[in-house]
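Chains, contacts and geometry: an overview
Spelled out, the chains give:
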Amino acid sequence: MKNVPIARSVDQYRAEAARQESAPRGLGATAILALGTFAVGTDAYVVAGFLPAMARSLHISQSAAGQSATVFAVTYALLSPVLATVLARVPRRALLVGALVVLAAANLGSALAPDFATLMATRVVAAAGAAAFTPNAGAAASILVAPAQRARALAMVVGGLTVATALGVPLGNLAEKALDWRAALGLVAALCAVAAAGVSTVMPALAGAEPIALRQRLAALRNPGVLAILPLTVVGIAAGYGLYAFAVPVLHALGAGPAQEAWLLFLYGIGAVAGNLVAGARVDRHGPVRVQAVGFAGLTVTLAGFAWTAGAGVHWLPLTALLMAAWGAATWFQTPAQQVRLINAAPQDTAVVIGLNAAALYGGIALGTALGSLLLPISAPLALGTCAALALLCLLYLKATRRYG
């Protein structure tokens, strides 16, 4: 999530931009795109902050409410490569504005949903908007600035998702307490609308281009290295992120009350941002496999610690705070290294494998949330212990496939 998947070749974008003499060069439009990615990221994460309240309001179980995160992730994973192909010829500004408008309308629909079925339908529409916006925002940012500023521009767009990771869930939790969960989703809809207006006003016109055929995108899966590495994205995110949709119920199982929820969720976000940044730097120095090994080992220990504290009834707030920060750091520690391994395995298909990794990431979220909704009602220690076992499985799988990438 931290690294923006690019829907098509950056070289194609740059060639098109060179033909458009009116396109301004600067970070102003990129900052607006970062606001858009923040809106998209907040939409993806915010539900976890008020899951119990939403379940009570719609007269469903928390497990059923958590499936709204599952359906969002499944839809994103399936539609991301398809929309990148189908919408390739659409002018970039129109595509980005349209995606944000769809996202705003879907969140408003979720806020007004009278029942669970309507909520699920609007989450599908929201995921479609997110899948159309995020890849193209990163690609557009790379050509809106001079060559010397491209890394900074991409970092700014990625930063929108990173900040959303840190703030989305705790802000949703705070908004639900101050207002209610419907108002919180209404605020997300308003944020998407503001971002759409900003992109429409500031971003220059950029033409579409010839799409990369879907079969060409999927052809990368025939690469033995890609095929060996990609499952680690699915299982790793399922282990680390799957239960985050149920973060509030997990905190309750650890003895945390409503007064502690928001700042404990903030600690997860801070850990996620720090873990991603540290891992990115360490990959360059130590290589991706060693970094991933540290990340999965840390995730195994952290989730096992959660399972033990929940099972033993150890309700010590400082330990819970430490585990929350470690959970965020260990979960997102793997992402930069995983992308580097995939790029190393298929350097000629960089944009394609990054897109496949993004789809696999959301597939992992879907798998993890589905597993959480099944196991958490039985026992919080069981759910946490199962995720710890998955993290350990990732460590063993990494050892078996370390020669790839």
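Residues numbered from 1 in each chain as written. Predicted model: local features only at pLDDT ≥ 70, side-chain atom pairs only at ≥ 80, totals over all residues. Heavy atoms only, no water.

**Here's the deal with the overall build of the protein chain**
We count it as follows: Each helix corresponds to a stretch of at least 4 residues labelled H or I by DSSP, and each strand to a stretch of at least 2 residues labelled E; elements are numbered beginning at the N terminus. Only protein chains enter the calculation, and the probe is 1.4 Å; a residue is then buried if its accessible area is under 20% of its type maximum, exposed if over 50%, and partly exposed in between. For the area figures, the Shrake-Rupley method with a 1.4 Å probe applies, and any residue is considered shielded solely by the protein chains shown.
Counting its secondary structure elements, the protein chain contains 17 helices and zero strands. Per-residue burial over the protein chain gives 57% buried out of 405 residues. Counting only carbon and sulfur atoms, one obtains 69% of the accessible surface of the protein chain, whose full area is about 14,900 Å².

**Some details on the pattern of salt bridges**
Applied cut-off: Each reported salt bridge corresponds to a side-chain nitrogen of Lys or Arg within 4 Å of a carboxyl oxygen of Asp or Glu.
For the structure on display, the rule yields one salt bridge. Ionic pairing is found between Arg123 and Asp43, a salt bridge with its closest N-O pair at 3.1 Å. Residue Arg123 is located in helix 6 (residues 116-141), and its partner Asp43 is located in helix 2 (residues 28-45); the two are separated by 80 residues in the primary sequence. Just as Arg123 is buried, Asp43 falls in that class too.

**So, helix 10 (residues 224-241)**
Here is the rule: By this rule the span expected of a helix is its residue count minus one, scaled by 1.5 Å.
With 18 residues, helix 10 extends 27 Å from end C-alpha to end C-alpha; this agrees with the ideal 26 Å at 1.5 Å per step. Taken across its 18 residues, helix 10 has 13 buried, putting it largely inside the fold.

**Considerations on the nonpolar core**
Spelled out, the test is: The term nonpolar core refers to a set of buried residues drawn from Ala, Val, Leu, Ile, Met, Phe, Trp, Tyr and Cys, joined through side-chain atoms within 4.5 Å. We call two residues in contact whenever any of their non-hydrogen atoms come within 4.5 Å of each other.
Leu33, Met54 and Trp327 are the most contacted members of the largest nonpolar core, which has 100 residues in total. Residue contributions to this core peak at ten residues, all from helix 6. In this structure Trp327 touches Gly240, Leu243, Tyr244, Tyr268, Leu299, Thr302, Leu303 and Phe306, once residues within four positions along its chain are discounted. Grouped together as the second largest cluster of nonpolar side chains are eleven residues, Val226, Leu342, Ala346 and Ala360 included.

**Section: the packing of aromatic side chains**
Convention followed: Planes of paired rings set the category: under 30 degrees apart is stacked, over 60 is edge-to-face and the rest tilted, where pairs are Phe, Tyr or Trp rings (Trp by its six-membered ring) whose centres lie within 6.5 Å.
Applying the stated criterion across every chain yields a total of nine aromatic pairs. Ring centres of Phe50 and Trp181 lie 6.3 Å apart, and the angle between their planes is 35°; on these two criteria the pair is classed as tilted. In this pair, Phe50 is assigned in the loop between helix 2 and helix 3 (51-58) and Trp181 in helix 8 (residues 181-202), connecting sequence segments 131 residues apart. When the centroid spacing of 5.3 Å and the interplanar angle of 70° are considered together, the rings of Phe306 and Trp327 count as edge-to-face. Here Trp327 lies in helix 14 (residues 317-332) and Phe306 lies in helix 13 (residues 288-312), a separation of 21 residues in the sequence. Take Phe306: its relative accessible area is 0%, and that puts it in the buried class. Through successive ring pairs, a cluster of aromatic residues spans Tyr241, Tyr244, Tyr268, Phe306, Trp327 and Trp332.

**Focus: the packing of helix 13 against helix 14**
Where we set the bar: Axis definition: a line fitted to C-alpha atoms, over the contacting stretch in the case of helices. Angles run 0 to 180 degrees between N-to-C directions. For any pair of crossing helices, the crossing counts as left-handed if the nearer helix is rotated counterclockwise from the farther one by less than a right angle, and right-handed if it is rotated clockwise. The residue classification treats Ala, Val, Leu, Ile, Met, Phe, Trp, Tyr, Cys and Pro as nonpolar and Asp, Glu, Lys and Arg as charged. All others, Gly included, are polar.
The geometry of helix 13 relative to helix 14 is characterised by a closest axis approach of 9 Å and an angle of 150° between their N-to-C directions. Relative to helix 14, helix 13 is oriented so that their crossing is left-handed. In contact with Gly295, Gly298, Leu299, Thr302, Leu303, Gly305, Phe306 and Thr309 of helix 13, helix 14 contributes Leu319, Leu323, Met324, Ala326, Trp327, Ala330 and Thr331. Of the residues contributing to the contact of helix 13 with helix 14, the split by class is nine nonpolar, six polar and no charged.

**A look at the environment of Leu243**
Relative to the helices and strands, Leu243 is located in the loop between helix 10 and helix 11 (247-253). For the pair formed by Leu243 and Leu376, sequence separation is 133 residues and the distance between their alpha carbons is 8.7 Å. Among all residues touching Leu243, those that are not within four sequence positions of it are Val250, Trp327, Gly372, Ala383, Leu384 and Cys387.

**Section: the confidence of the model for the protein chain**
Quick note on the threshold: Predictor confidence is given residue by residue as pLDDT, running from a minimum of 0 to a maximum of 100.
Of all residues in the protein chain, 86% attain a pLDDT of 70 or more, and the chain-wide mean is 83. Helix 17 (residues 380-400) holds the highest mean pLDDT among the elements of the protein chain, 95, whereas helix 1 (residues 10-18) holds the lowest, 47. Counting interchain partners and residues more than four positions distant, the pLDDT-below-50 stretch residues 1-10 has 53 contacts. Below a pLDDT of 50 lies the segment residues 12-25, which in the model reaches 26 contacts outside its immediate sequence neighbourhood of four places, other chains included.

**Quick word on unusual backbone geometry**
Of note in this structure, His59 is not a glycine but carries a positive phi near 60°. Checked against the element boundaries, His59 lands in the loop between helix 3 and helix 4 (62-86).

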